[in-house]
Amino acid sequence: MAQFSSNWLKLKQNKTLLQPTPQVQKKKDQETKNKEEEKEIKNNGEEKEKEKEKEKETKQEQQKEKENKNEKENSTEGENQEEDKKPIKIGKYLSFACDTCISKAQKEEEIIARVSIINYEGKVVYDTYVKPAEYITNYRTSITGITKN
């Protein structure tokens, strides 16, 4: 068994000497309080950041839901009004389509009544009706969907 000096044995027997002085204890207590406060501040800051992120996410989700609702409502109308406000990317490839009606001005001939252009993604770039100069005898409604009105 190891031998200890008499001073060590006295300190070991008298436990009050091993405890820190009140001044040292106050410093330790203050340091632990400061550390706890710093942790709380960090946690509060992190929680606030998380709350802000959650609020942003919920706002984005709400905006997406509104956009989806608007798209569904506008898809029944044929054109999306929001898309009209935003510039459409034309891209490298376009698709061009014309709807024709029949006129009998001099002889029976086809006349352009509608022009449509869409981009590669299927977004409408240009869509308009054309008012022909001649009288239309057959609108081909079953094919074109165009009526006299």
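Going by an unreviewed UniProt entry, the protein chain carries the name RNA exonuclease rexo1 / reco3 family member-related and comes from Anaeramoeba flamelloides.

Participant: Got a minute to help me understand the overall build of the protein chain in this structure?
Facilitator: Per the secondary structure count, the protein chain includes four helices and four strands. Secondary structure of the protein chain in N-to-C order comes out as α-α-α-β-β-β-β-α. Here the analysis covers contacts within the protein chain between residues at least 6 apart in sequence; of these, 36% occur between residues at least 24 apart. Of the roughly 13,900 Å² of accessible surface on the protein chain, a fraction of 49% belongs to carbon and sulfur atoms.

Participant: When you look at the sheet that holds strand β1 (residues 94-104) in this model, what are you seeing that I'm missing?
Facilitator: Backbone-to-backbone hydrogen bonds join strands into a sheet, with any given pair of strands oriented parallel or antiparallel. Across the sheet, which stays open at both edges, the four strands sit in the order β3-β2-β1-β4 with antiparallel pairing between neighbours. Among the strands making up the open sheet, the edge pair consists of β3 (124-129) and β4 (136-138). The sheet shows a mean angle of 45 degrees between the axes of neighbouring strands, taken without regard to direction. Here β1 pairs with β4 via two bridges, running antiparallel. The residue bridging isoleucine 102 from the neighbouring strand is asparagine 138, located in β4.

Participant: Can you walk me through the side chain of serine 116 in this structure?
Facilitator: The topology assignment puts serine 116 in strand β2 (residues 108-119). On the basis of relative accessible area, serine 116 is assigned to the buried category, the value being 19%. Other than its neighbours up to four places away in sequence, serine 116 contacts Ser95, Phe96, Ala97, Tyr126 and Asp127.

Participant: I keep staring at the pattern of salt bridges and nothing clicks. Help me out?
Facilitator: Two side chains with opposite charge may pair up if their charged atoms get near one another. This model, assessed by the stated rule, comprises two salt bridges. Here arginine 140 ties to glutamate 110 by a salt bridge, and the two come within 2.8 Å at their closest N and O atoms. Within this pair, whereas arginine 140 is found in the loop between β4 and α4 (141-144), its partner glutamate 110 is found in strand β2, the two being separated by 30 residues in sequence. Owing to a relative accessible area of 23%, arginine 140 belongs among the partly exposed residues under this scheme. Of the charged contacts, one joins arginine 114 and aspartate 127 as a salt bridge, the two residues approaching to 2.8 Å between their closest N and O atoms. Remark: aspartate 127 occurs in strand β3 and arginine 114 occurs in strand β2; sequence separation between them is 13 residues.

Participant: What am I meant to see in the environment of tyrosine 126 here?
Facilitator: In this fold, tyrosine 126 is placed in strand β3. The exposure class assigned to tyrosine 126 is partly exposed, which follows from its relative accessible area of 44%. Along the backbone, tyrosine 126 and serine 116 are ten residues apart, and their C-alpha atoms lie at a distance of 5.6 Å.

Participant: Looking at this structure, how should I read a negative patch on the surface?
Facilitator: Judged by side-chain charge, Glu46, Glu47, Glu49, Glu51, Glu53, Glu55, Glu57, Glu61 and Glu65 come together as a negatively charged surface patch. Among the structural elements, glutamate 47 can be located in helix α2 (residues 22-77). Given the relative accessible area of 44%, glutamate 47 is considered partly exposed.

Rules used in this analysis
- Residue indices begin from 1 for each chain and proceed along its sequence in written order.
- The predicted nature of this model means local features are confined to residues of pLDDT at least 70 and side-chain atom pairs, given and counted, to a pLDDT of 80 or more, with totals for whole chains, interfaces and linings taken over all residues.
- As a convention, hydrogens and water are excluded, and side-chain values are obtained from all of the structure's heavy atoms.
- Each helix is a run of DSSP H or I of at least 4 residues and each strand a run of E of at least 2, with the numbering of both proceeding from the N terminus.
- A contact between two residues is defined here by any heavy atoms of the two lying within 4.5 Å.
- Only the protein chains shown count as cover for residues, with accessible areas throughout obtained via the Shrake-Rupley method and a probe of 1.4 Å.
- DSSP-based pairing: two strands are paired if at least 2 bridges between them are found.
- Axis definition: a line fit to C-alpha positions, over the contact stretch in the case of helices; interaxial angles, taken between N-to-C directions, run 0 to 180 degrees.
- Type-normalised accessible area, obtained with a 1.4 Å probe on protein chains alone, sets the label of each residue: buried when under 20%, exposed when over 50%, and partly exposed for intermediate values.
- Any carboxyl oxygen of Asp or Glu that lies within 4 Å of a side-chain nitrogen of Lys or Arg is treated as forming a salt bridge with it.
- Grouping into patches uses exposed residues only, defined as over 30% relative accessible area, and leaves out salt-bridged ones; the cut-off is 9 Å for like charges and 5 Å for nonpolar side chains (Val, Leu, Ile, Met, Phe, Trp, Tyr).
- For the purpose of charge, His is not counted, nor are the chain termini; Lys and Arg are scored as positive and Asp and Glu as negative.
- Lys charges are placed at NZ, Arg charges at CZ, Asp charges at CG and Glu charges at CD.

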